[in-house]
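# A look at the structure
Okay, here's what each chain looks like letter by letter:
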Amino acid sequence: MLPSLRLWSEVSAGASALLALSLGELALLPLSLWGPATLGFIMMTALYLLWMPAAILSGATLASAALPLRRLYLPLGGVVVAVLGYLRLTEYAPFVGYLPFILLWSALAVALAAGHWIVDSKAARAWQVGVGVIALASSIAILVAGSRILDTRYPTLLEALLQARFLLLHLGARALLRPAPEGVRLRRTASALVFACGALLVFSYLRPKSAQEQAKVREGSAAALTRSVAALEPEPCEEPPVALSEDEAWRTFSSLAGLPILPESFHVDDFNLLLLLIESTRADTALGTDALGTDALGTKAHLSALRELPGVWLFTHAYAPATRTWLSVSSLFSMTFASHALIETKVPQWTGELLPATETSAELLSAAGYRTAALRHDFRGLEGSEQGFASVHIEPIEVRPRSAVDENLSNRLIDKLAAFADGDQHFFVWTFFRSPHFPYLDGRGNATEQYERAVEHVNAQLARVFSYLEHSGQAKNTIVIVMADHGEELYERHGRHGNSLLHEAIHIPLGVRIPGLAGGVISNATSSSYVLPWLLHSARDERLRAAADARITADIAPIMAVTGGAVVSEIFDKNEDLVSLVWQALKVDFSWRTGGVVVSAPAGDGNYQAVPSSSPLAQEALDKLARFRALRACHQRAVRGQRPGQTAVQRGQVDAVLYKPTWRGQ
């Protein structure tokens, strides 16, 4: 083939590969999003990801057209780009040395080298067609497999798979376009493909999609999802907020936190503190119905021990600060929002560390003379949560039957309470039960039935602990706090555990019993992260009170003031940044990554339904979201200076938005 025709052939193959890859991404999206603007948007993001392999293959093409040993350059180029794809994959530390991926990318390199060699050789036409068909079929197989792992949130894997698809599509196009019968026809084909790609890119640029449309595309397209991770830009801090005084902050907090006003005679340091945290427990399992008035699970399994606890305050609209365990626990013990805490995100995405610089509530109580103890299941990835606890017991989760984990924890808790019964010191004990976390206690029945049995099991442990407190006399001077770290998605709306801010993922049981107070049912929206600063504000100990007031004044009250008391729930890691602002009858979901916004309201059936963006209710909520974003950006820029020597990844969610994060294993 003449050099000019060879060059046209390669141009045609490259354009065909890009167009085919983008069409495959388009096929993953709902029909309502199909169109030239969406296709062009996907092509633009794919170009961003694939410019390096495309440049290498183009260089190999030019070399094969002009230099000796021309059949070596494209096979060698195929090996090089496959190796680069593997190196991109292993930027995620756990993938380093992972044998299946080593074998897969080695096979890809060999297949590309052999395929290009056959295409450029004088092999029979059937061999060349066979290479093309196998390459195209392999690309389709990767597309189908990749579409099933989008929710695993591994951007380096997504990008590596996109590169592999592009390389296979390029090889397939070369194989099928190789025997050009006429130079004119080949030039026309290449020109048409290049023109079509260029026109789509220009059309997409001139007709940008709305933020919500782009958010939907990013959620369903691997190319757009990965590009959105790489395209974070700083949120502007245009007008730093006026700081609240301590008195103003407390008035704001006490009026908007959704918590009862405590009597002036109440002082938290007159009591013991028992914090019982439960994994993955939904509000409807605690209250019998969810806060919207329906039995969302249709279940008879409830935390009846909590509901029957004398004098308990039950909060029907309580929400978790985050839907990842380590984020929720970090928020709880640092007494602030998870994105304001001194934390370090790690890999896998559900792990992280509460940094030693944090002054935790356990450390404060220990310094105030409390005896402290932590008893929890072995949640790997919850580093730093034991700061301030004088004794720590971690119960292995490998024991069988699984029910023994919480049984052992409740036994040890009762023993610890008995040991603390002697002496004049108060105690602070944290126990973290596991049963409602997937995998559940057994595999009998469907997920809901398994979950019900897990809730019943942890309810039995709570009943044992409450019974012991009553019979030992410790109930008279022990504040009992029962809450979940987050809710649980049982796939009602295709939600996955810990990967969304759906209502069922953030709406949690919360109960607080204070001896001598009547308790009751409270329907105001509140957060489980408010409970400790609410209680510690009443302390006689100046350090306890000052620490609680500092968190309320600097972090919590300013957010309440600009949002009208919205509860903040978050989820973030190295590839996800979502926040929900929740009021009693309204919810706003916002993605820092994609810019997507959804305003929704209770539908009366346990779910939420979207509110039209043109409605006054939605406009008011969007205005509050805008003020929230502006305040959060300014807050994070101020806090940044207090955390020297840390990377953007180590500063929490909004620094990952303000400053492009380093997406590497810690």
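Check the entry above for the structure.
To start, this report covers the structure provided alongside it. Counting restarts for each chain, with residues numbered from 1 along the sequence as it is written. The predicted nature of this model means local features are confined to residues of pLDDT at least 70 and side-chain atom pairs, given and counted, to a pLDDT of 80 or more, with totals for whole chains, interfaces and linings taken over all residues. Calculated side-chain values reflect all of the structure's heavy atoms, with hydrogen atoms and water omitted.

This brings us to the overall build of the chain. What the chain contains, in helices and strands, is 21 helices and 16 strands. The burial tally for the chain puts 58% of its 666 residues in the buried class. Contacts spanning at least 24 positions in sequence make up 73% of the contacts within the chain whose residues lie at least 6 apart. Calculation of accessible area relied on Shrake-Rupley with a 1.4 Å probe; when residues are assessed, cover is drawn exclusively from the protein chains displayed. Summed over all atoms, the accessible surface of the chain reaches about 26300 Å², with 59% contributed by carbon and sulfur. Helix and strand assignments come from DSSP, with helices taken as H or I runs of at least 4 residues and strands as E runs of at least 2, each series counted from the N terminus. Burial classes: relative accessible area under 20% of the type maximum marks a residue as buried, over 50% as exposed, and values in between as partly exposed (1.4 Å probe, protein chains only). Every residue pair with non-hydrogen atoms within 4.5 Å of one another is taken to be in contact.

Below, the discussion takes up the pattern of salt bridges. The rule for a salt bridge is simple: a side-chain nitrogen of Lys or Arg has to be within 4 Å of a carboxyl oxygen of Asp or Glu. A full pass over the atoms with the stated rule returns 14 salt bridges. As a salt-bridge pair, arginine 551 and aspartate 555 come within 3.1 Å of each other at their nearest N and O atoms. One end of the pair, arginine 551, and the other, aspartate 555, are both in helix 19 (residues 542-563), 4 residues apart, so they sit about a helical turn from each other. Take arginine 551: its relative accessible area is 26%, and that puts it in the partly exposed class. In this structure, the salt-bridge partner of arginine 632 is glutamate 570, at a minimum N-O distance of 3.0 Å. Separated by 62 residues along the polypeptide, arginine 632 in helix 20 (residues 616-640) and glutamate 570 in strand 12 (residues 567-573) bring together distant segments of the chain. For glutamate 570, a relative accessible area of 1% gives the class buried. What you see here is one network of salt bridges that share partners, running through Asp442, Arg444 and Arg453.

The subject of this paragraph is the sheet that holds strand 4 (residues 352-354). Each strand in a sheet pairs with another by means of backbone hydrogen bonds, the pair being arranged parallel or else antiparallel. The criterion for strand pairing is that DSSP finds at least two bridges linking the strands in question. Spatially, 3 strands are ordered 3-4-6 in an open sheet, and the strand pairing comes out mixed. At either margin of the open sheet sits one strand with a lone partner, and together these are strand 3 (343-345) and strand 6 (382-383). Of the strand pairs in this sheet, strand 3 and strand 4 are connected by 3 bridges, and their pairing is antiparallel. Bridge assignment links glutamate 344 to a residue of strand 4, and that residue is glutamate 353.

For glutamate 407, the location among the structural elements is in helix 15 (residues 403-420). In sequence terms glutamate 407 and serine 435 are 28 residues apart; their C-alpha atoms lie 9.8 Å from each other. Sequence-distant contacts of glutamate 407, defined by excluding residues within four places in its chain, comprise His457, Gln461 and Arg464.

The subject of this paragraph is the environment of methionine 43. With respect to the element layout, methionine 43 can be found in helix 2 (residues 36-66). C-alpha separation for the pair methionine 43 and glutamate 25, spaced 18 residues apart in sequence, amounts to 9.3 Å. Non-local contacts of methionine 43, meaning those with residues more than four positions away in its chain, are made with Leu18, Leu19, Ser22, Cys197, Leu200 and Leu201.

Attention now moves to helix 10 (residues 246-256). Looking at helix 10, one finds that the buried residues are Ala249, Thr252 and Phe253. Buried residues of helix 10, seen end-on, are gathered within an arc of 95° and therefore sit on one face of the element. In helix 10, the exposed positions angled more than 90 degrees off the buried face are occupied by Asp247, Arg251 and Ser255. Positive backbone phi, at 75°, marks glycine 258, one or two positions downstream of helix 10. Picture the helix axis, draw a direction to every C-beta atom, and the arc is the one those directions span.

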